[in-house]
Amino acid sequence: MILKEKSQVKDAQASFFKKEVTKDFCDYLFSLYYRYQDEKEYEDFDDYIKAMKKNYPNVKTMTKRPFGVVWSEEIRVEGIKGYYWSLRTYVTSSGGINARCKPMKG
């Protein structure tokens with residue numbers, strides 16, 4: 001997603017998360033999270049990534065710490081080179097879901 005102005009990032013972030021981070025997605029993320037807590041010594045984390053991508057194609061990858069996903073969508077602003085916002089959703093240490101837009105270089 002390429003925006004005209006940096007001031008549009010917050011609205012674009014909110015719109016993306018509203019579309020992608022649904023109740024079904026959160027339920028699925030939690031089910032994988034709890035399974036991983038029980039089975040992490042025995043199961044390959046790549047299997048979790050494959051399962052998530054199969055059910056949610058807009059997921060780029062998953063992370064173990066924090067347990068969550070990095071979405072394939074990135075927010076860029078015209079005229080700002082080498083800087084973008086990465087969209088992430090993860091399980092918090094208190095057992096909730098956090099969705100954020102993290103500034104990145106690249």
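Conventions we followed
Residues numbered from 1 in each chain as written. Predicted model: local features only at pLDDT ≥ 70, side-chain atom pairs only at ≥ 80, totals over all residues. Heavy atoms only, no water. Helix = DSSP H or I, 4+ residues; strand = E, 2+ residues; numbered from the N terminus. 1 Å grid on protein atoms, 1.4 Å probe; cavity = no way out; pocket = protein on both sides within 12 Å on 5 of 7 lines; lining within 4 Å. Points joined across faces, edges and corners; volume = space filled by probe spheres on them. Salt bridge = Lys/Arg side-chain N within 4 Å of Asp/Glu carboxyl O. Buried < 20%, exposed > 50% of the residue type's maximum accessible area, 1.4 Å probe, protein only.

Honestly, unusual backbone geometry in this entry has me stumped. Any pointers?
Along the chain, Arg65 connects to Pro66 via a cis peptide bond; the corresponding omega equals -5 degrees. Turning to its location among the elements, Pro66 is positioned in the loop between β2 (59-63) and β3 (68-77).

Honestly, the layout of surface pockets in this entry has me stumped. Any pointers?
By rolling a water-sized probe across the atoms, one finds the places where empty space is left. One number sums up the size of the largest pocket: a volume of about 170 Å³. Looking at the largest pocket, the residues that line it are Tyr33, Tyr36, Gln37, Lys40, Lys64, Arg65, Pro66, Phe67, Val91, Thr92 and Ser93. Broken down by element, the residue count for the lining of the largest pocket peaks at three residues, all from helix α2 (residues 23-39).

I would appreciate a short explanation of the pattern of salt bridges in the present structure.
Pairs can form between side chains of opposite charge once their charged atoms are near each other. Following the criterion strictly, the structure yields six salt bridges and no others. Here Lys19 ties to Glu20 by a salt bridge, and the two come within 3.7 Å at their closest N and O atoms. Residue classification places Lys19 among the exposed residues on the basis of a relative accessible area of 58%. Among the salt bridges present, the one from Arg76 reaches Glu74, with a minimum N-O distance of 3.0 Å.

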